[in-house]
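Here is what each chain is made of, one letter per residue.
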Amino acid sequence: MKKTILLIISLAVSLGTMAQDEEYQGLECTSVVAGRLATTDCSVITSHTCDGWSHTWVNYVPAADHQNGETTWIRKDWRKTKFVTDTAGVRYIMEIPQVSHTYAYLNTGYPSLNEKQVAIGETTFTGPDTLINANAPILIEELCRLALERCSSARDAVLLMGEIAEKYGYGDGGECLTVADKDEVWFFEITGVGKTRTGAAWVAQRVPDDEIAVSANIPRIGKIDRNDTMHFLASDNVENVARENGLWNGEGDFVYWKAYNSSYGKGKNFREREFRVLNTFAPSLGLSYEDSEMPFSVKPDSLVSVRDVMAILRDTYEGTQFDMCRNVLVEVPAKDTVPAHKAVSPVANPWLTTTMRNTLNTIAPGTVEFSRTLAVAWCSYSTVIQLRNYLPDEIGGICWYAVDNPAQSPRIPLFCGGSTLPGAFFNCGQRQYVPDCVLWQFRKANKLATLAWQDTKLDFTKNVLEMEEMTFEALRELQNRYSVAPDGEKTEMLDKFTADIYARCATRWNELEAKYWLKFGRGF
């Protein structure tokens with residue numbers, strides 16, 4: 001009887017995967033990066049799972065020339081807007097001088113890619129709350145925007161963001177931006193300097209060209225070699241801010257992640273996600289979750305492809321000690337030559353909300369221990385961005401964009417040289433149900449499949465991979481056509497490719513939605 005109750009309640013509360021897990025709202029975002037000599041096609045890669053309530057609308061902001069004396073507004077709360085032109089609730093904080101020319105960029109929740117193949121991923125590590133000045137004007141998404149508007153290299157973007165934050169005042173919690181261009185990729189980690197002080201403390205480290213790295217809500221930069229400006233950049237005050245705020249006693253080596261860590265790190269520079277990524281790509285290192293520290297970056301055992309990064313962002317630790325489904329079991333009766341045994345319940349899924357976990361653990365204590373997976377159900381959108389120095393910028397830089405759960409949604413290619421997107425991209429579905437917006441085109445099938453994930457995941461993942469393979473095959477043909485196309489046709493060619501891939505993926509997900517309504521139509 002107890003097992004029957006467990007199965008029924010597991011099925012009922014599985015509906016809760018649609019809601020964001022508020023308990024883990026601070027654990028938002030993961031970024032996996034790779035240097036150009038670590039990848040199969042010499043792409044530089046950065047990525048971002050935007051795990052939270054950020055808007056999912058997207059548009060291209062065109063390049064522009066500006067007159068002397070022009071300014072640009074510094075804003076807050078625009079990641080909560082519902083559509084491209086929405087200004088409700090946006091706060092205009094201050095104006096700063098505008099530059100003479102701004103580059104075109106892809107305007108995602110955190111602006112992510114510009115026309116010069118400069119790209120940015122993001123994760124929050126919060127850091128000590130004693131450093132957060134909530135009244136300071138500059139938030140991390142505005143640093144992203146300003147860098148993409150003004151910079152043609154990752155290094156310049158790092159320096160500009162540091163300069164602006166120091167000058168005007170950084171008002172966010174601790175953040176890591178993974179800043180890349182077609183030649184290199186950097187970690188840029190930044191905090192404020194005190195609750196009532198204006199400024200910023202920041203450090204940046206370049207990932208070696210033949211290595212990969214990961215940021216997942218814990219600062220990752222360790223010792224800073226100020227003499228090696230090819231690989232390290234930092235504000236002058238990083239050590240002093242730590243000392244003045246009791247984060248470092250001034251003795252011994254200064255280690256950034258130790259000084260600026262938050263409680264989530266539990267005294268280490270890694271948890272499940274960092275270990276999973278580094279160990280997956282470099283198993284020969286023999287890394288252990290019991291280690292006291294993980295390396296900043298590692299050389300992968302084999303070269304990493306863009307699709308490998310997409311795959312790791314789908315990961316939920318299946319078959320490992322962190323698998324949240326492994327103890328959600330049901331009795332399976334004997335059949336033919338197979339004896340009775342226990343198996344993972346068809347309704348078990350790796351995206352359990354707090355309510356689900358508490359229910360299961362009340363019925364059978366210890367059933368589910370929370371692990372923060374790379375793919376989460378509360379993801380707004382995610383990007384995998386590849387940058388290639390051997391192709392024209394317009395087609396060399398691609399933002400592979402997906403909405404909702406990264407383990408379930410297909411990725412749509414958005415190009416550096418694109419100019420517009422299908423209308424579905426112009427509305428956000430986070431705080432409103434807009435059936436034809438890009439989020440709800442995919443979210444409905446995703447959530448239905450989650451109802452019996454152990455039964456649906458093979459077929460569902462097969463569809464994800466089929467769409468991925470179709471897109472990459474079509475991309476190879478597009479690159480050949482693009483190289484010989486007249487200049488006047490190239491932008492339209494890229495826009496049409498994006499629209500066609502989106503339409504094919506949306507059609508497939510509508511079919512999956514219908515399929516799962518038939519499957520579950522008589523009850524969940």
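Given the structure is predicted, the values throughout are model-derived calculations rather than measurements.

Interaxial distance between helix α2 (residues 140-150) and helix α3 (residues 154-168) falls to 9 Å at its minimum, and their mutual angle equals 130°. The angle between α2 and α3 places the two elements in the oblique class. Where α2 crosses over α3, the handedness of that crossing is right-handed. Two secondary-structure elements touch here, α2 through L143, C144, L146, A147 and R150 and α3 through A157, L160, M161, I164 and A165. Its residues assigned to classes, the contact of α2 with α3 shows 9 nonpolar, no polar and 1 charged.

With that settled, the discussion passes to the pattern of salt bridges. One pass over the structure, following the stated rule, counts 30 salt bridges. Of the charged contacts in the structure, one is a salt bridge between R307 and E469, with a shortest N-O distance of 2.6 Å. A residue pair is termed long-range when its members are at least 10 positions apart, and R307 in helix α7 (residues 306-312) and E469 in helix α11 (residues 453-484) qualify at 162 residues. On the basis of relative accessible area, R307 is assigned to the partly exposed category, the value being 26%. Ionic pairing is found between D404 and R443, a salt bridge with its closest N-O pair at 2.7 Å. Placement of the pair is D404 in the loop between β19 (398-403) and β20 (412-415) and R443 in helix α10 (residues 438-450), with a sequence separation of 39 residues. Since its relative accessible area comes to 0%, D404 is described here as buried.

Let's shift gears to α10. The end-to-end C-alpha separation of α10 is 19 Å, in line with the 18 Å expected for 13 residues at 1.5 Å each. Counting buried positions along α10 yields 13 of 13 residues, so the element is predominantly enclosed.

So, on to the side chain of Q117. By secondary structure assignment, the location of Q117 is in the loop between β9 (113-114) and β10 (119-126). On the basis of relative accessibility, which here comes to 0%, the residue Q117 falls in the buried class. In terms of polar contacts, Q117 uses its side chain to reach the backbone amide nitrogen of R388, at 2.8 Å. Beyond its immediate sequence surroundings of up to four residues, Q117 is in contact with A180, D181, K182, L387, R388, L391, P392, D393, G396, G397 and C416.

Below, the discussion takes up the environment of T471. Within the element layout of this structure, T471 appears in helix α11. A C-alpha to C-alpha distance of 34 Å links T471 and R220, two positions 251 residues apart in sequence.

With that settled, consider the confidence of the model for the protein chain. Confidence along the protein chain averages 94 in pLDDT terms, with 95% of residues attaining 70 or more. pLDDT under 50 marks residues 1-22. Its contacts with residues more than four places away, or in other chains, come to 46 contacts.

This brings us to unusual backbone geometry. One can expect most non-glycine residues to show negative phi and most peptide bonds to be in trans. In this model, D77 sits at a positive phi of 75°, which is unusual for a non-glycine residue. Summarising the element assignment, D77 is placed in the loop between β5 (71-76) and β6 (91-97). Even without glycine at this site, N217 takes up a positive phi of about 75°. Summarising the element assignment, N217 is placed in the loop between β14 (212-215) and β15 (232-234). Residue classification places N217 among the buried positions, given a relative accessible area of 2%.

Rules behind the numbers
- Residues numbered from 1 in each chain as written.
- Predicted model: local features only at pLDDT ≥ 70, side-chain atom pairs only at ≥ 80, totals over all residues.
- Heavy atoms only, no water.
- Axes fitted to C-alpha atoms, helices over the stretch in contact; angles between N-to-C directions.
- Helix = DSSP H or I, 4+ residues; strand = E, 2+ residues; numbered from the N terminus.
- Parallel < 35°, antiparallel > 145°, perpendicular 65-115°, else oblique.
- Left-handed = near helix turned anticlockwise from the far one by under 90°.
- Contact = heavy atoms within 4.5 Å.
- Nonpolar A, V, L, I, M, F, W, Y, C, P; charged D, E, K, R; others polar.
- Salt bridge = Lys/Arg side-chain N within 4 Å of Asp/Glu carboxyl O.
- Buried < 20%, exposed > 50% of the residue type's maximum accessible area, 1.4 Å probe, protein only.
- Expected span 1.5 Å × (residues − 1).
- Polar contact = N/O pair within 3.5 Å; in protein donor to acceptor, adjacent residues only side chain to side chain.
- pLDDT = per-residue confidence, 0-100.

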